[in-house]
Amino acid sequence: MNYRNYRIMEKIENKENLIVRPPIVAVMGHIDHGKTKLLDAIRKSNVVEGESGGITQHIGAYEIIMDSESDEYRGRKITFLDTPGHEAFSKIRERGAQVADIAVLVVAADDGVKPQTIEAIKSIEDAKIPYIVAINKIDKPEANPNQVRTQLAENNIFLEDWGGKIPVVEISAKENTNIQHLLEMILLVADLEELKSNPSLETKGIVIESKMDKNRGPIATIIIKEGVLKIGDNILTSTAEGKLKILENFKGEKIKEATFSSPVSVGGFKKMPQVGELFLAGEKIDRELLKKELADKKDISSDMLDLDKDGKIINLIIKADVSGSLEAIENIIKKLKLERVSLRIINSSIGDISNSDIQMAKDSPAWIFGFKINIPKSLNPQIQEKNIHIHIFDIIYDLEKFLKEKLEIISQKEEEMIKAELRVLKTFSKQGKKQLIGGVVEEGKIKKGLVIIQREEKEIGRGRIMGLQCHKKDIAEAEKGMECGILLETAVDISPDDHLINS
Ligand code: GDP
(Lines give C-alpha, C1' and ligand atoms only; values in the text may rest on other atoms or scores of the structure.)
Protein backbone atom coordinates (compact mmCIF):
# COMPACT_ATOMS: atom_id res chain seq x y z
CA MET A 1 0.00 0.00 0.00
CA ASN A 2 1.54 3.29 -1.05
CA TYR A 3 0.27 6.56 0.33
CA ARG A 4 0.80 8.26 -3.01
CA ASN A 5 -1.90 6.09 -4.48
CA TYR A 6 -4.64 7.15 -2.13
CA ARG A 7 -7.39 8.59 -4.24
CA ILE A 8 -8.71 10.65 -1.41
CA MET A 9 -5.55 12.41 -0.56
CA GLU A 10 -5.81 15.47 -2.64
CA LYS A 11 -3.24 18.16 -2.01
CA ILE A 12 -4.72 21.05 -0.14
CA GLU A 13 -1.86 23.37 0.51
CA ASN A 14 1.12 22.74 -1.70
CA LYS A 15 3.47 24.83 0.33
CA GLU A 16 2.98 22.94 3.53
CA ASN A 17 2.48 19.65 1.79
CA LEU A 18 -0.65 18.97 3.80
CA ILE A 19 -3.02 16.34 2.55
CA VAL A 20 -6.43 15.20 3.70
CA ARG A 21 -6.20 12.17 5.89
CA PRO A 22 -8.91 9.60 6.60
CA PRO A 23 -10.78 10.08 9.88
CA ILE A 24 -10.15 7.70 12.77
CA VAL A 25 -13.44 6.85 14.42
CA ALA A 26 -14.26 5.39 17.85
CA VAL A 27 -17.65 3.77 18.44
CA MET A 28 -18.79 4.25 22.00
CA GLY A 29 -21.90 3.77 24.13
CA HIS A 30 -23.65 1.59 26.68
CA ILE A 31 -23.16 -2.16 26.71
CA ASP A 32 -25.55 -4.10 24.46
CA HIS A 33 -26.60 -1.01 22.54
CA GLY A 34 -25.04 -2.47 19.41
CA LYS A 35 -21.47 -1.18 19.08
CA THR A 36 -20.09 -4.53 17.95
CA LYS A 37 -23.01 -5.14 15.62
CA LEU A 38 -22.53 -1.71 14.06
CA LEU A 39 -18.78 -2.28 13.58
CA ASP A 40 -19.59 -5.64 11.95
CA ALA A 41 -22.25 -4.10 9.72
CA ILE A 42 -19.84 -1.41 8.55
CA ARG A 43 -17.09 -3.96 7.93
CA LYS A 44 -19.36 -6.20 5.90
CA SER A 45 -21.04 -3.53 3.82
CA ASN A 46 -17.82 -1.90 2.74
CA VAL A 47 -15.70 -4.72 1.53
CA VAL A 48 -12.16 -3.57 1.16
CA GLU A 49 -10.76 -3.59 -2.37
CA GLY A 50 -9.60 -6.98 -3.51
CA GLU A 51 -11.10 -8.78 -0.61
CA SER A 52 -13.80 -11.40 -0.96
CA GLY A 53 -14.17 -13.43 2.18
CA GLY A 54 -14.43 -10.60 4.69
CA ILE A 55 -11.91 -9.71 7.31
CA THR A 56 -11.06 -12.52 9.63
CA GLN A 57 -8.16 -11.01 11.50
CA HIS A 58 -8.87 -8.82 14.49
CA ILE A 59 -6.28 -6.24 15.36
CA GLY A 60 -8.32 -3.65 17.25
CA ALA A 61 -8.96 -1.45 14.23
CA TYR A 62 -9.92 -1.71 10.58
CA GLU A 63 -10.14 0.45 7.52
CA ILE A 64 -12.97 0.70 5.03
CA ILE A 65 -13.17 2.16 1.59
CA MET A 66 -16.52 3.81 0.97
CA ASP A 67 -18.74 2.22 -1.61
CA SER A 68 -21.04 5.20 -1.90
CA GLU A 69 -23.33 6.25 -4.73
CA SER A 70 -22.12 9.78 -4.36
CA ASP A 71 -18.91 10.74 -6.18
CA GLU A 72 -18.07 12.91 -3.23
CA TYR A 73 -17.68 9.97 -0.89
CA ARG A 74 -16.94 6.95 -3.08
CA GLY A 75 -13.45 5.58 -2.55
CA ARG A 76 -12.76 7.56 0.60
CA LYS A 77 -11.31 5.78 3.60
CA ILE A 78 -12.36 5.64 7.24
CA THR A 79 -10.51 3.89 10.06
CA PHE A 80 -12.61 2.37 12.82
CA LEU A 81 -11.24 1.55 16.24
CA ASP A 82 -12.57 -1.70 17.51
CA THR A 83 -11.33 -1.27 21.08
CA PRO A 84 -12.15 -3.71 23.88
CA GLY A 85 -15.50 -2.87 25.40
CA HIS A 86 -15.21 -4.68 28.71
CA GLU A 87 -16.67 -2.74 31.64
CA ALA A 88 -13.54 -2.67 33.78
CA PHE A 89 -11.49 -1.37 30.90
CA SER A 90 -13.24 1.94 30.50
CA LYS A 91 -9.93 3.74 30.39
CA ILE A 92 -8.91 1.94 27.25
CA ARG A 93 -12.19 3.05 25.74
CA GLU A 94 -11.47 6.59 26.79
CA ARG A 95 -8.11 6.30 25.14
CA GLY A 96 -10.00 5.14 22.09
CA ALA A 97 -11.50 8.60 22.00
CA GLN A 98 -8.06 10.17 22.30
CA VAL A 99 -6.73 8.30 19.32
CA ALA A 100 -9.90 9.08 17.46
CA ASP A 101 -10.77 12.16 15.46
CA ILE A 102 -14.52 11.54 15.59
CA ALA A 103 -16.73 9.43 17.87
CA VAL A 104 -19.99 7.68 17.12
CA LEU A 105 -22.17 7.46 20.22
CA VAL A 106 -24.49 4.48 19.92
CA VAL A 107 -27.76 4.68 21.88
CA ALA A 108 -30.31 1.86 21.57
CA ALA A 109 -33.76 3.21 20.68
CA ASP A 110 -35.43 0.58 22.86
CA ASP A 111 -33.31 1.24 25.94
CA GLY A 112 -32.42 4.92 25.88
CA VAL A 113 -29.67 6.85 27.62
CA LYS A 114 -27.86 4.74 30.25
CA PRO A 115 -25.00 5.44 32.68
CA GLN A 116 -22.36 4.27 30.22
CA THR A 117 -23.88 6.55 27.57
CA ILE A 118 -23.24 9.51 29.86
CA GLU A 119 -19.76 8.17 30.69
CA ALA A 120 -19.00 7.90 26.99
CA ILE A 121 -20.22 11.46 26.35
CA LYS A 122 -17.93 12.69 29.13
CA SER A 123 -14.88 10.99 27.68
CA ILE A 124 -15.71 12.26 24.19
CA GLU A 125 -16.06 15.78 25.55
CA ASP A 126 -12.78 15.40 27.47
CA ALA A 127 -11.07 14.35 24.26
CA LYS A 128 -12.56 17.44 22.59
CA ILE A 129 -13.56 15.60 19.45
CA PRO A 130 -16.79 15.95 17.46
CA TYR A 131 -19.34 13.17 17.58
CA ILE A 132 -22.40 11.80 15.88
CA VAL A 133 -25.26 10.12 17.72
CA ALA A 134 -26.38 6.85 16.14
CA ILE A 135 -29.80 5.86 17.48
CA ASN A 136 -29.66 2.10 16.94
CA LYS A 137 -32.16 -0.78 16.87
CA ILE A 138 -34.87 1.24 15.16
CA ASP A 139 -36.14 -2.04 13.65
CA LYS A 140 -37.43 -3.09 17.06
CA PRO A 141 -41.18 -2.63 17.61
CA GLU A 142 -40.56 -1.01 20.99
CA ALA A 143 -37.99 1.44 19.56
CA ASN A 144 -38.60 5.02 20.61
CA PRO A 145 -35.96 7.28 18.99
CA ASN A 146 -37.64 10.45 20.20
CA GLN A 147 -37.35 9.30 23.75
CA VAL A 148 -33.60 9.05 23.19
CA ARG A 149 -33.66 12.63 21.88
CA THR A 150 -35.54 13.78 24.99
CA GLN A 151 -33.21 11.96 27.35
CA LEU A 152 -30.17 13.41 25.60
CA ALA A 153 -31.68 16.90 25.81
CA GLU A 154 -32.18 16.32 29.54
CA ASN A 155 -28.42 15.84 29.63
CA ASN A 156 -27.80 18.99 27.61
CA ILE A 157 -27.06 17.13 24.39
CA PHE A 158 -29.12 18.77 21.66
CA LEU A 159 -29.35 16.92 18.38
CA GLU A 160 -29.29 18.62 15.00
CA ASP A 161 -32.85 17.71 14.07
CA TRP A 162 -34.08 19.17 17.35
CA GLY A 163 -32.42 22.52 16.89
CA GLY A 164 -29.03 21.53 18.34
CA LYS A 165 -25.61 20.98 16.82
CA ILE A 166 -24.93 17.26 17.25
CA PRO A 167 -25.60 15.25 14.06
CA VAL A 168 -27.85 12.23 14.47
CA VAL A 169 -28.64 9.20 12.33
CA GLU A 170 -31.29 6.60 13.11
CA ILE A 171 -29.92 3.18 12.23
CA SER A 172 -30.44 -0.53 12.53
CA ALA A 173 -27.13 -2.35 12.69
CA LYS A 174 -29.05 -5.60 12.44
CA GLU A 175 -30.92 -4.75 9.25
CA ASN A 176 -28.27 -2.51 7.76
CA THR A 177 -30.56 0.50 7.75
CA ASN A 178 -28.91 3.89 7.17
CA ILE A 179 -25.38 2.58 7.69
CA GLN A 180 -24.15 4.27 4.51
CA HIS A 181 -25.82 7.47 5.63
CA LEU A 182 -23.93 7.27 8.94
CA LEU A 183 -20.63 6.77 7.08
CA GLU A 184 -21.33 9.77 4.87
CA MET A 185 -22.10 11.79 7.96
CA ILE A 186 -18.72 10.76 9.41
CA LEU A 187 -16.97 12.01 6.26
CA LEU A 188 -18.96 15.23 6.35
CA VAL A 189 -17.84 15.85 9.93
CA ALA A 190 -14.27 14.91 8.93
CA ASP A 191 -14.38 17.51 6.14
CA LEU A 192 -15.59 20.16 8.53
CA GLU A 193 -12.74 19.27 10.87
CA GLU A 194 -10.31 19.65 7.94
CA LEU A 195 -8.26 16.65 9.01
CA LYS A 196 -4.91 17.03 7.33
CA SER A 197 -1.50 15.62 7.74
CA ASN A 198 1.96 15.95 6.35
CA PRO A 199 3.54 12.77 4.98
CA SER A 200 7.01 14.26 5.06
CA LEU A 201 6.89 14.99 8.77
CA GLU A 202 8.41 12.56 11.23
CA THR A 203 6.27 9.51 11.73
CA LYS A 204 4.19 9.29 14.84
CA GLY A 205 1.08 7.61 16.12
CA ILE A 206 -0.48 5.64 18.92
CA VAL A 207 -0.23 2.07 20.14
CA ILE A 208 -3.73 0.62 20.43
CA GLU A 209 -2.97 -3.01 21.24
CA SER A 210 0.02 -5.09 22.17
CA LYS A 211 0.51 -8.79 22.68
CA MET A 212 3.27 -11.33 22.93
CA ASP A 213 3.38 -13.66 19.94
CA LYS A 214 5.03 -16.98 20.71
CA ASN A 215 6.94 -17.05 17.45
CA ARG A 216 7.34 -13.41 16.54
CA GLY A 217 7.85 -11.68 19.90
CA PRO A 218 6.08 -8.45 20.86
CA ILE A 219 3.49 -7.44 18.27
CA ALA A 220 1.66 -4.12 18.49
CA THR A 221 -1.26 -2.64 16.63
CA ILE A 222 -0.56 0.98 15.97
CA ILE A 223 -2.35 3.80 14.25
CA ILE A 224 -0.19 6.20 12.29
CA LYS A 225 -1.18 9.83 12.78
CA GLU A 226 1.57 11.51 10.80
CA GLY A 227 4.28 10.59 8.33
CA VAL A 228 5.09 7.29 6.68
CA LEU A 229 6.14 4.11 8.46
CA LYS A 230 8.61 1.80 6.69
CA ILE A 231 10.18 -1.56 7.34
CA GLY A 232 13.58 -0.99 8.95
CA ASP A 233 12.50 2.21 10.75
CA ASN A 234 13.51 2.66 14.34
CA ILE A 235 10.48 2.90 16.59
CA LEU A 236 10.30 4.31 20.09
CA THR A 237 7.68 4.72 22.85
CA SER A 238 8.09 5.79 26.48
CA THR A 239 8.58 2.21 27.55
CA ALA A 240 9.76 0.25 24.52
CA GLU A 241 11.90 0.53 21.44
CA GLY A 242 12.96 -1.52 18.49
CA LYS A 243 13.51 -1.72 14.75
CA LEU A 244 10.55 -2.48 12.49
CA LYS A 245 10.91 -6.01 11.18
CA ILE A 246 7.26 -6.88 10.62
CA LEU A 247 4.71 -4.54 9.04
CA GLU A 248 1.26 -5.82 8.14
CA ASN A 249 -1.98 -4.13 7.24
CA PHE A 250 -5.11 -4.84 9.26
CA LYS A 251 -5.89 -7.82 7.02
CA GLY A 252 -2.62 -9.45 8.01
CA GLU A 253 -0.96 -8.83 4.62
CA LYS A 254 2.72 -7.96 4.58
CA ILE A 255 3.41 -4.39 3.43
CA LYS A 256 6.55 -2.31 3.05
CA GLU A 257 5.18 1.01 4.17
CA ALA A 258 2.04 2.57 5.57
CA THR A 259 0.83 6.06 6.25
CA PHE A 260 -1.52 8.06 8.40
CA SER A 261 -4.78 6.79 9.78
CA SER A 262 -3.84 3.26 8.79
CA PRO A 263 -4.02 0.61 11.47
CA VAL A 264 -1.07 -1.74 11.15
CA SER A 265 0.51 -4.60 13.05
CA VAL A 266 4.17 -4.11 13.76
CA GLY A 267 6.88 -6.36 15.11
CA GLY A 268 10.46 -5.66 16.13
CA PHE A 269 10.02 -4.12 19.57
CA LYS A 270 12.47 -5.47 22.12
CA LYS A 271 9.74 -5.43 24.76
CA MET A 272 6.01 -4.87 24.66
CA PRO A 273 4.92 -1.25 24.22
CA GLN A 274 1.89 -0.20 26.25
CA VAL A 275 -1.58 0.53 24.97
CA GLY A 276 -2.22 4.24 24.53
CA GLU A 277 1.44 5.19 24.20
CA LEU A 278 2.64 7.61 21.60
CA PHE A 279 5.31 6.28 19.24
CA LEU A 280 7.84 7.99 17.03
CA ALA A 281 9.42 6.19 14.11
CA GLY A 282 12.00 6.93 11.45
CA GLU A 283 15.56 6.29 10.38
CA LYS A 284 16.81 8.39 13.27
CA ILE A 285 14.85 9.11 16.41
CA ASP A 286 15.89 9.74 19.95
CA ARG A 287 14.39 9.82 23.38
CA GLU A 288 14.78 13.61 23.71
CA LEU A 289 12.50 14.12 20.73
CA LEU A 290 9.95 11.77 22.25
CA LYS A 291 10.09 13.57 25.59
CA LYS A 292 9.47 16.86 23.87
CA GLU A 293 6.64 15.39 21.89
CA LEU A 294 5.06 13.95 25.03
CA ALA A 295 5.42 17.21 26.89
CA ASP A 296 3.75 19.07 24.01
CA LYS A 297 0.93 16.62 23.71
CA LYS A 298 0.53 15.94 27.44
CA ASP A 299 0.31 12.31 26.45
CA ILE A 300 -0.93 9.92 29.12
CA SER A 301 2.44 8.22 29.15
CA SER A 302 4.31 11.41 29.93
CA ASP A 303 3.86 10.94 33.65
CA MET A 304 6.10 7.95 33.30
CA LEU A 305 8.92 10.36 32.56
CA ASP A 306 8.04 12.68 35.39
CA LEU A 307 9.42 10.81 38.32
CA ASP A 308 10.28 13.58 40.72
CA LYS A 309 7.23 14.19 42.83
CA ASP A 310 6.98 15.45 46.37
CA GLY A 311 5.84 13.18 49.10
CA LYS A 312 6.27 9.46 49.55
CA ILE A 313 6.57 7.36 46.45
CA ILE A 314 5.70 3.68 46.47
CA ASN A 315 7.25 1.66 43.69
CA LEU A 316 5.12 -1.02 42.11
CA ILE A 317 5.81 -3.92 39.82
CA ILE A 318 2.70 -5.08 37.97
CA LYS A 319 2.23 -8.51 36.47
CA ALA A 320 -0.92 -9.58 34.63
CA ASP A 321 -2.25 -12.33 32.42
CA VAL A 322 -3.00 -10.19 29.33
CA SER A 323 -2.18 -6.69 28.12
CA GLY A 324 -5.80 -5.50 28.51
CA SER A 325 -5.74 -6.26 32.24
CA LEU A 326 -2.32 -4.68 32.58
CA GLU A 327 -3.61 -1.50 30.99
CA ALA A 328 -6.71 -1.43 33.17
CA ILE A 329 -4.62 -1.86 36.34
CA GLU A 330 -2.12 0.79 35.27
CA ASN A 331 -4.91 3.25 34.67
CA ILE A 332 -6.47 2.57 38.04
CA ILE A 333 -3.09 3.09 39.68
CA LYS A 334 -2.47 6.33 37.84
CA LYS A 335 -5.73 7.70 39.19
CA LEU A 336 -4.90 6.78 42.78
CA LYS A 337 -2.94 9.73 44.03
CA LEU A 338 -3.19 11.20 47.48
CA GLU A 339 -1.55 14.42 48.56
CA ARG A 340 1.36 12.80 50.35
CA VAL A 341 1.69 9.45 48.63
CA SER A 342 2.03 8.55 45.00
CA LEU A 343 2.38 5.24 43.30
CA ARG A 344 4.99 4.71 40.65
CA ILE A 345 4.97 1.75 38.33
CA ILE A 346 8.58 0.82 37.77
CA ASN A 347 7.85 -2.22 35.69
CA SER A 348 4.83 -3.95 34.24
CA SER A 349 4.75 -7.07 32.19
CA ILE A 350 2.71 -10.09 31.26
CA GLY A 351 3.21 -13.52 32.79
CA ASP A 352 3.89 -15.22 36.10
CA ILE A 353 6.20 -13.73 38.71
CA SER A 354 9.83 -14.33 37.82
CA ASN A 355 13.17 -14.30 39.50
CA SER A 356 14.03 -10.91 38.05
CA ASP A 357 10.74 -9.42 39.39
CA ILE A 358 11.77 -10.53 42.88
CA GLN A 359 15.25 -9.08 42.44
CA MET A 360 13.83 -5.79 41.20
CA ALA A 361 11.35 -5.67 44.11
CA LYS A 362 14.25 -6.16 46.49
CA ASP A 363 16.57 -3.60 44.86
CA SER A 364 14.04 -0.78 44.35
CA PRO A 365 12.33 -1.62 46.82
CA ALA A 366 8.90 -2.24 45.34
CA TRP A 367 5.66 -4.06 45.98
CA ILE A 368 4.55 -6.64 43.43
CA PHE A 369 0.92 -6.73 42.31
CA GLY A 370 -0.28 -9.64 40.24
CA PHE A 371 -3.53 -10.11 38.38
CA LYS A 372 -4.67 -13.61 37.43
CA ILE A 373 -1.12 -14.94 37.51
CA ASN A 374 0.80 -17.43 39.63
CA ILE A 375 3.85 -17.42 41.85
CA PRO A 376 6.01 -20.40 40.88
CA LYS A 377 6.59 -22.51 44.01
CA SER A 378 10.32 -22.57 43.32
CA LEU A 379 10.48 -18.83 44.12
CA ASN A 380 8.99 -19.12 47.61
CA PRO A 381 12.34 -19.36 49.48
CA GLN A 382 13.63 -16.19 47.81
CA ILE A 383 10.39 -14.31 48.44
CA GLN A 384 10.57 -15.14 52.13
CA GLU A 385 14.26 -14.49 52.43
CA LYS A 386 14.05 -11.11 50.74
CA ASN A 387 10.81 -10.22 52.52
CA ILE A 388 9.00 -9.20 49.32
CA HIS A 389 5.38 -7.97 49.42
CA ILE A 390 3.37 -9.76 46.76
CA HIS A 391 -0.38 -9.37 46.34
CA ILE A 392 -2.30 -11.41 43.80
CA PHE A 393 -5.86 -10.60 42.71
CA ASP A 394 -8.47 -12.11 40.41
CA ILE A 395 -10.82 -9.15 40.38
CA ILE A 396 -9.66 -5.67 39.40
CA TYR A 397 -12.08 -4.06 41.83
CA ASP A 398 -10.48 -5.94 44.75
CA LEU A 399 -7.04 -4.75 43.69
CA GLU A 400 -8.29 -1.16 43.51
CA LYS A 401 -9.97 -1.41 46.92
CA PHE A 402 -6.86 -2.88 48.52
CA LEU A 403 -4.61 -0.17 47.08
CA LYS A 404 -6.97 2.61 48.13
CA GLU A 405 -7.06 1.38 51.71
CA LYS A 406 -3.28 0.98 51.84
CA LEU A 407 -2.73 4.44 50.41
CA GLU A 408 -5.02 6.06 52.91
CA ILE A 409 -3.30 4.44 55.84
CA ILE A 410 0.12 5.50 54.55
CA SER A 411 -1.10 8.96 53.71
CA GLN A 412 -2.52 9.40 57.20
CA LYS A 413 0.72 8.26 58.77
CA GLU A 414 2.72 10.62 56.57
CA GLU A 415 0.45 13.47 57.47
CA GLU A 416 0.79 12.77 61.14
CA MET A 417 4.54 12.95 60.77
CA ILE A 418 4.46 16.35 59.13
CA LYS A 419 5.01 19.20 61.51
CA ALA A 420 2.07 21.52 62.12
CA GLU A 421 2.74 24.85 63.76
CA LEU A 422 0.56 27.75 64.83
CA ARG A 423 1.71 31.16 66.03
CA VAL A 424 -0.45 32.78 68.71
CA LEU A 425 -1.63 36.22 67.64
CA LYS A 426 -3.93 37.10 70.49
CA THR A 427 -5.28 35.76 73.77
CA PHE A 428 -8.97 36.36 74.45
CA SER A 429 -10.01 34.78 77.72
CA LYS A 430 -9.01 32.31 80.40
CA GLN A 431 -11.21 30.17 82.60
CA GLY A 432 -9.33 27.74 84.80
CA LYS A 433 -7.17 25.71 82.48
CA LYS A 434 -9.22 26.62 79.41
CA GLN A 435 -7.96 29.49 77.30
CA LEU A 436 -9.41 31.04 74.18
CA ILE A 437 -6.72 32.23 71.79
CA GLY A 438 -6.36 33.35 68.18
CA GLY A 439 -3.52 32.30 65.91
CA VAL A 440 -2.23 31.76 62.40
CA VAL A 441 -1.12 28.41 61.01
CA GLU A 442 2.46 28.74 59.79
CA GLU A 443 3.08 25.14 58.83
CA GLY A 444 1.09 21.97 58.09
CA LYS A 445 -2.44 21.42 59.34
CA ILE A 446 -3.47 22.13 62.92
CA LYS A 447 -6.03 19.70 64.35
CA LYS A 448 -7.65 18.96 67.68
CA GLY A 449 -5.41 17.00 70.03
CA LEU A 450 -2.17 17.26 71.96
CA VAL A 451 0.29 20.10 71.32
CA ILE A 452 3.67 21.25 72.55
CA ILE A 453 3.84 24.90 73.56
CA GLN A 454 7.05 26.73 72.65
CA ARG A 455 8.24 30.20 73.60
CA GLU A 456 11.33 31.49 71.80
CA GLU A 457 11.87 28.00 70.44
CA LYS A 458 11.94 26.38 73.88
CA GLU A 459 9.25 24.05 75.18
CA ILE A 460 7.38 25.67 78.08
CA GLY A 461 4.61 23.12 78.46
CA ARG A 462 1.99 20.93 76.82
CA GLY A 463 -1.69 21.32 76.11
CA ARG A 464 -4.67 19.99 74.21
CA ILE A 465 -6.63 21.74 71.46
CA MET A 466 -10.29 21.18 72.40
CA GLY A 467 -11.92 23.20 69.65
CA LEU A 468 -11.08 25.03 66.42
CA GLN A 469 -13.07 27.82 64.79
CA CYS A 470 -12.70 29.87 61.65
CA HIS A 471 -15.10 32.75 60.90
CA LYS A 472 -17.19 31.59 63.86
CA LYS A 473 -17.64 28.14 62.40
CA ASP A 474 -16.34 24.95 63.97
CA ILE A 475 -13.71 23.31 61.80
CA ALA A 476 -11.86 20.00 61.99
CA GLU A 477 -8.50 21.38 60.89
CA ALA A 478 -6.86 24.66 59.92
CA GLU A 479 -4.43 24.77 57.03
CA LYS A 480 -1.27 26.78 56.49
CA GLY A 481 -2.07 30.49 56.20
CA MET A 482 -5.44 30.26 57.97
CA GLU A 483 -6.28 32.35 61.01
CA CYS A 484 -8.37 30.55 63.58
CA GLY A 485 -9.73 30.64 67.08
CA ILE A 486 -8.62 27.89 69.47
CA LEU A 487 -9.94 26.56 72.72
CA LEU A 488 -6.82 25.28 74.44
CA GLU A 489 -6.60 23.32 77.67
CA THR A 490 -3.27 23.93 79.37
CA ALA A 491 -1.66 24.99 82.65
CA VAL A 492 0.61 27.43 80.76
CA ASP A 493 -0.36 31.09 80.52
CA ILE A 494 -0.32 31.63 76.77
CA SER A 495 1.08 34.89 75.33
CA PRO A 496 1.17 36.28 71.77
CA ASP A 497 4.03 34.82 69.67
CA ASP A 498 3.97 31.51 71.52
CA HIS A 499 3.92 28.55 69.14
CA LEU A 500 1.69 25.46 69.29
CA ILE A 501 3.20 22.42 67.62
CA ASN A 502 1.51 19.08 67.03
CA SER A 503 2.94 16.15 68.91
P1 GDP B 1 -22.37 -3.88 22.34
O2 GDP B 1 -22.26 -4.42 23.72
O3 GDP B 1 -22.70 -2.42 22.35
O4 GDP B 1 -21.19 -4.19 21.47
O5 GDP B 1 -23.65 -4.57 21.70
P6 GDP B 1 -23.75 -5.73 20.61
O7 GDP B 1 -23.34 -5.26 19.28
O8 GDP B 1 -23.11 -6.95 21.14
O9 GDP B 1 -25.34 -5.93 20.55
C10 GDP B 1 -26.08 -6.36 21.67
C11 GDP B 1 -27.28 -7.12 21.21
O12 GDP B 1 -28.16 -6.27 20.48
C13 GDP B 1 -26.94 -8.27 20.28
O14 GDP B 1 -27.79 -9.34 20.57
C15 GDP B 1 -27.22 -7.72 18.91
O16 GDP B 1 -27.58 -8.71 17.98
C17 GDP B 1 -28.40 -6.80 19.19
N18 GDP B 1 -28.47 -5.70 18.23
C19 GDP B 1 -27.47 -4.84 17.90
N20 GDP B 1 -27.92 -3.95 17.00
C21 GDP B 1 -29.20 -4.24 16.75
C22 GDP B 1 -30.23 -3.67 15.90
O23 GDP B 1 -30.00 -2.69 15.16
N24 GDP B 1 -31.45 -4.23 15.97
C25 GDP B 1 -31.75 -5.29 16.77
N26 GDP B 1 -32.97 -5.75 16.75
N27 GDP B 1 -30.81 -5.85 17.55
C28 GDP B 1 -29.57 -5.35 17.55
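For the structure, check the block above.
Everything numeric in this text was worked out from a predicted model, so none of it was measured.

Asker: Outline helix H1 (residues 35-45), listing residues and values.
Answerer: All of the buried residues in H1 are Lys35, Leu38, Leu39, Ala41, Ile42 and Arg43. Looking at the buried side of H1, the elements it contacts are strand E3 (24-29), strand E4 (61-65), strand E5 (77-81), strand E6 (102-108) and helix H5 (179-193).

Asker: Help me get a handle on the side chain of arginine 149, residues and values and all.
Answerer: With respect to the helices and strands, the residue arginine 149 is situated in helix H4 (residues 145-154). Of the residues examined, arginine 149 reaches a relative accessible area of 6% and is grouped as buried. Once you skip the residues sitting within four places of it in the chain, arginine 149 turns out to touch Ile135, Leu159, Asp161, Trp162, Val168 and Glu170.

Asker: Outline the pattern of salt bridges, supporting the account with residue identities and numerical values.
Answerer: In this structure the tally under the stated criterion is 24 salt bridges. Here aspartate 110 and lysine 140 are joined by a salt bridge, their closest N and O atoms 2.9 Å apart. Taken together, the residues span a long stretch of sequence, with aspartate 110 in the loop between E6 and helix H3 (115-127) and lysine 140 in the loop between strand E7 (131-136) and H4 at a distance of 30 residues. Judged by its relative accessible area of 26%, aspartate 110 is partly exposed. In this structure lysine 140 comes out as partly exposed when scored by relative accessible area, which is 30%. Linking glutamate 194 and lysine 196 is a salt bridge whose minimum nitrogen-to-oxygen distance equals 3.6 Å.

Asker: Residues and numbers for the state of the cysteines, please.
Answerer: Going through the model one piece at a time under the given rule, you end up with zero disulfides. Lacking any disulfide linkage, cysteine 484 is separated from the closest cysteine sulfur, that of cysteine 470, by 6.7 Å. In this structure cysteine 484 comes out as buried when scored by relative accessible area, which is 6%.

Asker: Tell me about the packing of aromatic side chains, and please be specific about residues and values.
Answerer: Taken as a whole and judged by the stated rule, the model has five aromatic pairs. Where phenylalanine 369 meets phenylalanine 393, the ring centres are 6.1 Å apart and the plane angle is 5°; that geometry is what we call stacked. Here the residue phenylalanine 369 occupies a position in strand E20 (residues 367-371), and phenylalanine 393 occupies one in strand E21 (residues 390-393), the gap between them amounting to 24 residues. As far as burial versus exposure is concerned, phenylalanine 369 and phenylalanine 393 are alike and both buried.

Here is what the cut-offs are and how they apply
Here the residue numbering is sequential within each chain, running from 1 through the sequence in written order. pLDDT decides what is reported in this predicted model: residues at 70 or higher carry local features, side-chain atom pairs at 80 or more are listed and counted, and totals for whole chains, interfaces and linings draw on all residues regardless. In computing side-chain properties, one takes all heavy atoms of the structure into account and sets aside hydrogens as well as water. Each residue is placed in one exposure class: buried if its accessible area under a 1.4 Å probe, protein chains only, is under 20% of its type's maximum, exposed if it is over 50%, and partly exposed if it falls in between. The secondary structure listing takes helices from DSSP runs of H or I that are at least 4 residues long and strands from runs of E that are at least 2 residues long, numbered from the N terminus. Contacts are residue-level and defined by heavy atoms, with any inter-residue pair within 4.5 Å sufficient. Within this document, salt bridges are pairs made up of a side-chain nitrogen of Lys or Arg and a carboxyl oxygen of Asp or Glu, the two lying within 4 Å of each other. Only a pair of cysteine sulfur atoms within 2.5 Å qualifies as a disulfide here. When two rings of Phe, Tyr or Trp (its six-membered ring) have centres within 6.5 Å they constitute a pair, described as stacked for plane angles under 30 degrees, edge-to-face for angles over 60, and tilted for the intermediate range.

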